[in-house]
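Residue-level structural notes
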Amino acid sequence: MKIPKVIEKNVAPETMLLPYLRKNLRLTGTKYGCGGGGCGACTVMISRYNPSTKQIRHYPATACLTPICSLYGTAVTTVEGIGSTKTRIHPIQERIAKCHGTQCGFCTPGMVMSIYALLRNHPEPTLDQLTDALGGNLCRCTGYRPIIDACKTFCKTSSCCQSRENGVCCLDQGVNGVPEFEEQHKISLELFSEKEFLPLDPTQELIFPPELMIMAEKQPQKTRVFGGDRVTWISPVTLTGLVEAKFKYPQAPIVMGNTSVGMYAGIKGMRHHARLNFILGLTLGASLSLAQVKDILADVVQKLPEEKTQTFRALLKHLRTVAGSQIRNMASLGGHIMSRHLDSDLNPLLAVGNCTLNLLSKEGGRQIPLNDQFLRKCPANDLKPQEILVSVNIPYSRKWEFVSAFRQAQRQQNALAIVNSGMRVLFGDENGIIKELSVFYGGVGPTTICAKNSCQELIGRPWNEEMLDTACRLILDEIRLPGSAPGGKVEFKRTLVVSFLFKFYLEVLQILKRMNPGHHPRLADKSKSALEDLRPRHHWSTLTYHDVDPKQLLQDPIGRPIMHLSGINHATGEAIYCDDMPAVDQELFLTFVTSSRAHAKIVSIDLSEALSLPGVVDILTADHLQGVNSFATESFLATDEVLCVGHLVCAVVAESEIQAKRAAKRVKIVYKDLEPLILTIEEAIQHKSFFESERKLEYGNVDETFKMVDQILEGEIHMGGQEHFYMETQSMLVIPKGEAQEIDVYVSTQFPKHVQDIVAFILKRPANKVMCHVKRVGGAFGGKVVKTSIMAAITAFAANKHGRAVRCILERGEDMLITGGRHPYLGKYKAGFMKDGRILALDMEHYCNAGSSQDESLWVVEMGLLKMDNAYKFPNLRCRGWACRTNLPSNTAFRGFGFPQAGLITEACITEVAAKCGLPPEQVRAINMYKEVDETHYKQEINAKNLIQCWRECMTKSSYFARRAAVERFNAENYWKKRGLTMVPLKYPVSVGSVVLGQAAALVHIYLDGSVLVTHGGIELGQGVHTKMIQVASRELKMPMSNICLRETSTETVPNTNATGGSMTADLNGLAIKDACQTLLKRLEPIISKNPHGTWKDWAEAAFDNSISLSAIGYFRGFETNIDWEKGEGHPFEYFVCGAACSEVEVDCLTGNHKNIRTDIVMDVGYSINPAIDIGQIEGAFIQGMGLYTIEELSYSPQGVLYTRGPSQYKIPAICDVPTELHVSFLPPSENSNTLYSSKGVGESGLFLGCSVFFAIRDAVCAARQERGISEPLMLSSPLTPEKIRMACEDKFTKMIPRDKPGSYIPWNVPV
Ligand SMILES: Cc1cc2nc3c(=O)[nH]c(=O)nc-3n(C[C@H](O)[C@H](O)[C@H](O)COP(=O)(O)OP(=O)(O)OC[C@H]3O[C@@H](n4cnc5c(N)ncnc54)[C@H](O)[C@@H]3O)c2cc1C
Ligand code: FES
Ligand code: FES
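Residues numbered from 1 in each chain as written. Chains lettered and ligands numbered in written order. Predicted model: local features only at pLDDT ≥ 70, side-chain atom pairs only at ≥ 80, totals over all residues. Heavy atoms only, no water.

1. A short note on the overall build of the chain
Applicable threshold: Secondary structure elements follow DSSP: runs of H or I of four or more residues count as helices, runs of E of two or more count as strands, with numbering from the N terminus. All radius of gyration figures rest on C-alpha atoms, and the globule criterion is 2.2 Å times the number of residues raised to 0.38. For this analysis, residues touch if any pair of their heavy atoms sits within 4.5 Å. With residues, only the protein chains shown are counted as cover, and all accessible areas are computed by Shrake-Rupley using a 1.4 Å probe. Two residue types count as positive, namely Lys and Arg, and two as negative, namely Asp and Glu; His and chain ends fall outside the count. Charged side chains are reduced to one point each, which is NZ for Lys, CZ for Arg, CG for Asp and CD for Glu.
In terms of helices and strands, the chain carries 38 helices and 48 strands. Over its C-alpha atoms the chain spans a radius of gyration of 31 Å, differing by no more than 12% from the 34 Å that the globule rule assigns to 1312 residues. Overall size of the chain, expressed as C-alpha extent along the three principal axes, is 95 × 80 × 70 Å. Taking all contacts inside the chain whose residues are at least 6 apart in sequence as the whole, residues at least 24 apart take part in 78%. Surface exposure of the chain reaches about 48,000 Å², of which carbon and sulfur atoms provide 52%. In the chain, 142 side chains carry a positive charge and 138 a negative one; their mean positions are 5 Å apart.

Pasting the structure below:
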């Protein structure tokens, strides 16, 4: 393949590789997901030739942080470069697609490139290398399992789990030694066939361009200077050149990895190497990447005695978790040290290790210690402006010297530490008297800080418990963290400070005992479990679905695990998303200016400076939209009052994105704060700030029953919100056609009709002039409905006003700020129950934080009330719900739509009832479950046969009772680690709420060559709806899928569509397609019967010749569903999806860390149209739910400002969070007469099963509390983060920390 050569004469120093690839080179396979190195969507491979070592280094890098100036002489490989459908696809691209590792596909090119870079260096990687390579890539759809499966096909090792977590390996009989459940039907375990895969042939890979090699060898090395408008980039090629440049421009930063400098380019540093000094230690070049440092250290610790390598080992431990593979390959050691981030993982270790920094300037070289003064940037011990850091000396550790590293983050990998620490002790001799002690912490101050005085005081002490107690007291006294400290989690941080110290104490004690058994006491059995860290292990999974009937025609794809039809296009980067569309002639860019206040009057807006900037075309305010500034319940641009931070105030329209963004910063808005400021649910209740009145359902007689029950309990649970974090941010491109008022809107939306309506409204023209087109959406999860339409309307207004195309693409931070997400909930419950656990009466209140506008909040509340029973029959039930109006960005639809919150509240209540009765929660769940034929609280009949079957099967498949006993054994033997096991049932009612909203339509054309075009009203969000729809058309027309095409969803072809969501898009549109196909078949029947062996081409031509129309619309009027809120009864749901999940976790009681050991999921999906897609939906939803309930935490300031605006602050599950064992199985197919081929929609339901992890953690925490004799009831809120886990596992350390009186300080954040 010819490698394209790029010669760029005008390199702007501020330009990053990502926009350059996407806009200048039109290579749009590399995606924008966050712009900050945190998501991996923009991963490319960079290859560099080193003329001195004659070696080529290939490494993954995030294009969003790579300045193009830094790429001189390198080869950059993008996803387009490794394979394409036009030439040959690469085996990685093929396998990720065929293993069903793509859903929306937006993360896929980044995943492909991370694996590609790995395979270039390790053609047969180990599982460790594999998971490590993908640690920096986020996927919001798949749940990672299929991606891991695809990658595993490249590993040399067998597909064994390599895990004996529960004492048994997967290759032993059955799942965990428990024989497989007896199946009546034939079951399938394979979703893909490895035999079909193209082999990986490393000799076929692109070679490093010889031209670049020759250039590196031969070309005279000279300093390169790239000048820009605002920044100059200088790339010296020798150390002297660098020193000279630094002398000339002392204030210019040295750009190495640029992972900390960000956009501000300066002088490019150079790469130097490692040197081992056999007397002193290791000298590492400052410009080595962290990945190279990791490799060097890994090598050195193999070669040297353990005694000498204590610091190296500690560094290695952290280097395994620092960021993701891309950042580790880009970031330099020098940049890391010099950035002196407060949460740097390496600086605390380098500081305790007595490292020194070798500096160089024109005046010569000198050394400074990397100590607390350097970290505090004390001028006396810092670099002078002209100096550069050349290398770092890391001394060998000495005999009787021990170094350890600790860190705790929100997520185990690729997450900055909340607190980290480096600790070192040197003993005088084997008797364990402290000679030197050094303890540094990160995350607890403005920079890495040292507990210097405490360490000094402890010198001369023996290493015993008394010393530990004193050390904890001294350190807590020395490292004071105020209650209002930035980052919050203050008590957790204080606890970690001493918990880490305890871990260090035990680690060292254990070694001392080993080295001098006579002198030191044996480590108490109780303490041993404090030592080992929880580490993710290799993943393995089993998937069980049911094969199609052997009599089914081979060509009929229904029920078969067909790959997502765009899978290959996702993997090659050829799939086109909204922002991948080429620029239209004279296109403008629109960006929003949003409110910085949560509730304020707009006193004035001064646009003059912004308007005067180059390239600015217009700035729209509410004045421009008079008369059209609101639609239904939503307003567009703020008029005289702002209601939340992130409220849209004006829209800047400019010739380019950079110009628009620059101008937006210059819009001056003067605010006057208004009262009240309502952020939390509690504040809304206090101010009675609600949208409309309460919603209520009542069944039986709650008050009377309360008089008869054995016990009554009252409780509440708070649940935080969730950010959609679709990988493709909100995107739209509006193109006026220039004729007859026609306008085209290309937008990443779930609801094209709404976009059409709202645009027609704002432009005051009929809907038939506005056409909305959606090819595909890079994830939505409910977040691309209402706000998307509003932004599209404003963009359309601008486009229409100027008669030019306008593009609007939100940055990740803007998107998170503006768009809102899942509603935070407060659930209050009063349950009346009997001693045996039967709940006879339940009074429930739901409050959701709706934010500043109504959006879909009332509907969410209603769905929450209708679905709150989950799997249980509460014979007397009253539930009421309110949507709280607050000064937060409006919350909106999100996968599950109220059920994940309502269900959690119910499960929390059940768990508490079980605790009160002294019964296992599973027993109380089972006893309260619906019986086979029953009635819900809104009087809809329910047959709970499948629910009960899922529950029983999950019990069996997960070997629940055997594992419960094992968990109890483990807990009895381990004081500081606890395991928890929980099983949760699921009954997810499915419908879209009414007949009207269930309408669907489709259009099927047959062309004269026999090919077919299908269109329908659903949007491809990654859930595979288009694939399923083609399967439907294929079955109905008895035609191979390859003959059928689906191009886009458009209001032009199928009008008046409903929103895509609510799990039913395939159900509804599939019935419409079936209808259209049957109409066509009926018309063609005489022709086909005349020529039964003809081809579709023959039939189409014959039909044409006989003037028979080859185009048909199909329609489905919607399921007969209804609910009467006055009476509180009806038939609101068409069917129920049932399931159960059993999860096991292990918790580190000292750090709050947890590990997902195993999850078993059993689901009733009816008859699956496509098991691969359905399993993907279930797993993806489960992992998203696990994120919701355990790690995803939004933080707001007391003034209502969202802090968490990107993947660095907001953690969605990454590959490390996938349960080590994941088993998904389906019930045998069951009849479901009304639905499409008896299938059930499973897009949303699996999300709730993520709460099995929440309750498993709770179970583990309860075990810890029980052992510690804590009898107070445990009140836990969601998400159950490391902070909450740690603080609930109360012990002497949590008791030791200082506590601030509530009200005595302003907290950094408020739970909303
Ligand atoms: C997504 C992401 C995740 C991360 N996760 C973690 C994590 O988990 N743990 C962690 O500890 N860190 C983490 N980091 C921070 C990362 O480790 C640092 O950003 C990185 O090490 C900085 O190195 P760099 O080469 O990119 O520095 P640059 O950004 O290139 O430079 C940083 C600073 O160092 C100065 N500098 C660089 N080299 C020299 C030199 N030789 N002499 C003098 N001055 C110099 C520059 O002038 C500049 O001021 C993360 C960063 C990102 C983007
Ligand atoms: S876009 Fe570059 S890492 Fe997210
Ligand atoms: S497929 Fe990974 S983000 Fe959608």
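The structure having been displayed, the exposition proceeds.
2. Here we look at the pairing of strand β19 (residues 588–594)
The two faces of a sheet get side chains in turn, since along a regular strand they alternate between them. Our working definition: Three labels apply to residues, based on accessible area from a 1.4 Å probe with only protein chains included: buried if under 20% of the type maximum, exposed if over 50%, partly exposed otherwise in between. Two strands pair if DSSP finds at least two bridges between them.
With six of seven residues buried, β19 is to be regarded as a mostly interior element. When β19 meets strand β32 (residues 806–809), the two strands line up parallel, connected through two bridges. In the sheet register, Leu588 faces β32, and the bridge partner there is Val806. Sheet topology note: the β19/strand β25 (residues 648–654) ladder contains six bridges and is antiparallel. By the bridge assignment for β25, Val593 is matched with Cys650.

3. A few points about the UniProt feature "active site" (unreviewed entry) in the chain
For the record, the criterion: UniProt positions are given in the numbering used here, feature names are shortened, and annotations may be inferred rather than shown by experiment. Whenever a nitrogen or oxygen atom comes within 3.5 Å of another N or O atom, the pair is scored as a polar contact, on the condition that within protein one atom can donate a hydrogen and the other can accept it, and that pairs from neighbouring residues in sequence are kept only if both atoms are in side chains.
Look at the UniProt record and you will see "active site" (unreviewed entry) annotated at Glu1244. For Glu1244, the location among the structural elements is in the loop between β48 (1221–1226) and α36 (1251–1267). Excluding its chain neighbours within four sequence positions, the residues that come into contact with Glu1244 are Arg895, Gly896, Phe897, Tyr988, Gly1062, Ser1063 and Ala1181. Separated by 3.1 Å, the side chain of Glu1244 and the backbone nitrogen of Gly896 make a polar contact.

4. Notes on the pattern of salt bridges
How we decide: The term salt bridge refers to a side-chain nitrogen of Lys or Arg lying within 4 Å of a carboxyl oxygen of Asp or Glu.
Applying the stated criterion to the full structure yields 76 salt bridges. Residues Glu704 and Lys707 are paired through a salt bridge, measuring 2.8 Å at the closest nitrogen-oxygen approach. When salt bridges that share partners are traced, they join Arg22, Lys23, Lys31, Asp579, Asp580, Glu587 and Arg807 into one network.

5. A closer look at the nonpolar core
Applicable threshold: Residues belong to a common nonpolar core when they are buried Ala, Val, Leu, Ile, Met, Phe, Trp, Tyr or Cys residues joined through side-chain atoms within 4.5 Å.
In terms of nonpolar packing, the biggest core is built from 259 residues, with Tyr441 and Trp463 touching the most fellow members. The element best represented in this core is helix α17 (residues 490–515), accounting for 15 residues. Among all residues touching Tyr441, those that are not within four sequence positions of it are Val419, Asn420, Ser421, Met423, Thr447, Thr448, Ile449, Ile475, Ile479, Val497 and Leu501. Counting residues in hydrophobic clusters, the runner-up holds 62 residues, among them Leu65, Trp233, Leu333 and Ile394.

6. Some remarks on unusual backbone geometry
Following Glu675, the chain continues into Pro676 via a peptide bond in cis, with omega recorded as -10°. Mapped onto the elements, Pro676 comes out in the loop between β26 (668–673) and α22 (681–686). Located in the positive-phi region is Ser1238, a residue other than glycine, with phi close to 65°.

7. Here's the deal with the pairing of strand β38 (residues 977–990)
Counting buried residues along β38, 14 of its 14 residues qualify, which places the element largely inside the surrounding structure. Burial of the side chains of β38 extends over both faces: Lys977, Arg979, Leu981, Met983, Pro985, Lys987 and Pro989 are buried on one face and Lys978, Gly980, Thr982, Val984, Leu986, Tyr988 and Val990 on the other.

8. Thoughts on the packing of helix α9 (residues 290–303) against helix α10 (residues 310–319)
The condition is simple: Every angle, taken between N-to-C directions, lies between 0 and 180 degrees, and every axis is a line fitted to C-alpha atoms, over only the stretch in contact when it is a helix. Throughout this description, any angle smaller than 35 degrees is read as roughly parallel, any larger than 145 degrees as roughly antiparallel, any in the 65 to 115 degree range as roughly perpendicular, and the remainder as oblique. Definitions for this section: a left-handed crossing has its near helix turned counterclockwise from the far helix by less than a right angle. A right-handed crossing has that turn clockwise. Here the term charged refers only to Asp, Glu, Lys and Arg, the term nonpolar to Ala, Val, Leu, Ile, Met, Phe, Trp, Tyr, Cys and Pro, and the term polar to all other amino acids, Gly among them.
In contact at an axis separation of 9 Å, α9 and α10 are set at 135° when each is read in the N-to-C sense. Between α9 and α10, the angle falls in the class oblique. In the crossing of α9 with α10, the sense of the turn from one axis to the other is left-handed. On α10, the residues that touch Leu290, Val293, Lys294, Leu297, Ala298, Val300 and Val301 of α9 are Phe312, Arg313, Leu315, Leu316 and Leu319. For the contact of α9 with α10, the class distribution of residues is ten nonpolar, no polar and two charged.

9. Details of the sheet that holds strand β1 (residues 43–50)
To summarise the sheet geometry, strands pair through backbone hydrogen bonds and adopt either a parallel or an antiparallel arrangement. Judged by pairing direction, the sheet is antiparallel, and its three strands sit side by side in the order β2-β1-β3 without closing on themselves. Every interior strand has two partners, whereas the edge strands, β2 (55–62) and β3 (75–77), have only one. If you compare each strand with its neighbour and ignore which way they point, the axes differ by 25° on average.

10. Focus on helix α28 (residues 899–917)
Our working definition: Expected helix span is taken as 1.5 Å per residue step, with the number of steps being one fewer than the number of residues.
The terminal C-alpha atoms of α28 lie 27 Å apart, and with 19 residues this matches the ideal 27 Å at 1.5 Å per residue to within 8%. Counting buried residues along α28, 17 of its 19 residues qualify, which places the element largely inside the surrounding structure. Note on α28: the residue one or two positions beyond its end, Gly918, has a positive phi of about 70°.

11. Brief notes about the environment of Phe751
Examined against the element boundaries, Phe751 turns out to sit in the loop between β30 (743–747) and α24 (752–762). For Phe751, the residues in contact, after removing those within four places along its chain, are Lys784, Val785, Thr1057, Asn1058 and Ala1059.

12. What about the packing of aromatic side chains?
We count it as follows: Stacked, tilted and edge-to-face are the three classes assigned to paired rings of Phe, Tyr and Trp, where Trp is represented by its six-membered ring and a pair needs centres within 6.5 Å; plane angles under 30 degrees give stacked, over 60 edge-to-face, the rest tilted. Placement of a charge over a ring requires the Lys NZ or Arg CZ to be within 6 Å of the ring centre, with the centre-to-atom vector within 35 degrees of the ring normal.
Counted according to the given criterion, the structure contains 30 aromatic pairs. Here the aromatic rings of Phe899 and Tyr988 are separated by 5.0 Å at their centres, their planes lie at 90°, and the arrangement is edge-to-face. Here Phe899 is found in helix α28, whereas its partner Tyr988 is found in strand β38, with 89 residues between them in sequence. The two residues Phe899 and Tyr988 agree in class, both being buried. Grouping aromatic residues by their ring pairs yields a cluster made of Phe402, Phe406, Phe427, Trp463, Phe500, Phe504 and Tyr505. In this arrangement the basic side chain of Arg57 is found over the ring face of Tyr59, its NZ or CZ atom lying 4.0 Å from the centre.

13. A short note on the UniProt feature "binding site: [2Fe-2S] cluster 2" (unreviewed entry) in the chain
Cross-referencing UniProt, the feature "binding site: [2Fe-2S] cluster 2" (unreviewed entry) maps to Cys104, Cys107, Cys139 and Cys141 in the present numbering. A maximum C-alpha distance of 9.4 Å among these annotated residues, which run over 38 residues, shows that they cluster at one spot. Examined against the element boundaries, Cys107 turns out to sit in the loop between α3 (91–98) and α4 (108–121). For Cys107, a relative accessible area of 5% gives the class buried. Filtering out sequence-adjacent residues up to four positions away, Cys107 remains in contact with Leu138, Cys139 and Met727. Among the residues examined, Cys141 registers a relative accessible area of 4% and is labelled buried. Those residues in contact with Cys141, other than ones at most four positions away along the chain, are Gln103, Cys104, Phe781, Gly1176 and Gly1180.

14. Overview of the side chain of His570
Structurally, His570 can be placed in helix α19 (residues 567–572). For His570, a relative accessible area of 2% corresponds to the buried category. A distance of 2.8 Å separates the side chain of His570 from the side chain of Thr102, its partner in a polar contact. Every residue in contact with His570, bar those within four places of it in the chain, is listed here: Thr102, Gln103, Cys104, Gly105, Thr108, Pro109, His564, Ala575, Tyr577 and Arg776.

15. With respect to a nonpolar patch on the surface
As a reminder of what qualifies: Each patch is built from residues lacking any salt bridge and having more than 30% relative accessible area; the joining distance is 9 Å for like charges and 5 Å for nonpolar side chains (Val, Leu, Ile, Met, Phe, Trp, Tyr).
Together, Trp859, Val996 and Leu997 make up an exposed nonpolar region whose accessible area comes to about 250 Å². Position of Trp859 relative to the elements: it lies in helix α27 (residues 857–867).

16. Some thoughts on helix α31 (residues 960–973)
Under the convention used in this document: This arc describes the spread of directions from the helix axis toward the C-beta atoms.
Relative to the 20 Å expected for 14 residues at 1.5 Å per residue, α31 spans 20 Å between its end C-alpha atoms, a close match to the ideal helical length. Residues Tyr960, Arg963, Arg964, Val967, Phe970 and Asn971 constitute the buried set of α31. One face of α31 carries all of its buried residues, which in axial projection span an arc of 120°. Structural note: α31 exposes Phe961, Ala962, Ala972 and Glu973 on the side pointing more than 90 degrees away from its buried face. Contacts made by the buried residues of α31 are with α29 (921–928), α30 (945–957), β38, β46 (1135–1148), β47 (1154–1164) and α36.

17. What about the environment of Glu682?
Inspection of the secondary structure puts Glu682 in helix α22. Judged by relative accessible area, which is 38%, Glu682 ranks as partly exposed. The spacing of Glu682 and His647 is 35 residues in sequence and 22 Å in space, taken between C-alpha atoms. The contact partners of Glu682, leaving out residues within four places of it in the chain, are His718 and Leu826.

18. Notes on the sheet that holds β32
One open sheet holds the eight strands; their spatial order is β21-β25-β19-β32-β29-β30-β31-β42, and the pairing between them is mixed. Strands at the two margins of the open sheet, each flanked by one partner only, are β21 (616–620) and β42 (1049–1050). The strands touched by helix α21 (residues 657–665) are β19, β21, β25 and β32; relative to β19, the strand with the most contacts, the crossing angle is about 25°. Contacts from α24 reach β30, β31 (770–774) and β42, with the element oriented near 150° to β31.

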